[in-house]
Amino acid sequence: MPTEPTRVSLTDDGPVLVHGPVEIELPDGRRVRSDRPVTAVCTCRRTRRPPFCDTSHRTRVREEERP
Ligand code: FES
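A short tour of the structure in this document, coming up. All values derive from a computational prediction rather than experimental measurement.

Before going further, it helps to examine the overall build of the protein chain. When helices and strands are tallied, the protein chain shows zero helices and five strands. For the protein chain, the residues scored as buried account for 33% of the 67 residues in total. When contacts within the protein chain are restricted to residue pairs at least 6 apart in sequence, long-range pairs at least 24 apart make up 16% of them. With the model as given, the accessible surface of the protein chain reaches about 5,600 Å², and the carbon-plus-sulfur share is 49%.

Turning next to the nonpolar core. Counting residues in each nonpolar core, the largest one holds eight residues, listed as V16, V18, V22, I24, L26, V32, V41 and F52. Elements that contribute at least two residues to this core include exactly β2 (16–19) and β3 (22–25). When residues no more than four places from it in sequence are discounted, the contact partners of V22 are V32, R33, S34 and T39.

This part covers the environment of T59. In this fold, T59 is placed in the segment after β5 (38–41). Residue T59 is classed as exposed on the basis of its relative accessible area, which comes to 63%.

All right, on to the side chain of S9 then. By the secondary structure assignment, S9 is in strand β1 (residues 7–10). In this structure the side chain of S9 is engaged in a polar contact, spanning 3.0 Å, whose partner is the side chain of H19. The contact partners of S9, leaving out residues within four places of it in the chain, are P15, V16, L17 and H19.

Remember that side chains alternate between the two faces of the sheet whenever the strand is regular. In this sheet, β2 lies alongside β1 in antiparallel orientation, the contact comprising four bridges. For V8, the partnering residue across the bridge sits in β2 and is V18. Hairpin connection, β1 to β2: the antiparallel pair is bridged by five residues.

Calculation criteria
- Residues numbered from 1 in each chain as written.
- Predicted model: local features only at pLDDT ≥ 70, side-chain atom pairs only at ≥ 80, totals over all residues.
- Heavy atoms only, no water.
- Helix = DSSP H or I, 4+ residues; strand = E, 2+ residues; numbered from the N terminus.
- Buried < 20%, exposed > 50% of the residue type's maximum accessible area, 1.4 Å probe, protein only.
- Contact = heavy atoms within 4.5 Å.
- Areas by Shrake-Rupley, 256 points an atom, 1.4 Å probe, with all protein chains shown as cover.
- Core = buried A, V, L, I, M, F, W, Y, C linked by side-chain atoms within 4.5 Å.
- Polar contact = N/O pair within 3.5 Å; in protein donor to acceptor, adjacent residues only side chain to side chain.
- Pairing = 2+ DSSP bridges.

Written out as structure tokens, the structure is:
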């Protein structure tokens with residue numbers, strides 16, 4: 001039975017959008033599941049809710065980017 005491929009959308013300056021349920025494996029091996037219709041995965045590392053985007057990419061400056 002054919003299945004539809006998972007759609008992943010890249011954004012210009014924000015998260016990666018994963019359409020459909022997703023299980024994300026973290027660097028330490030833990031796994032986080034999301035059953036949301038679309039999950040925004042942080043790529044900027046500024047989020048306070050890793051691995052999910054909390055829109056911090058719009059405003060916050062990374063600690064290492066501060067003068
Ligand atoms: S991509 Fe949105 S907080 Fe990182």
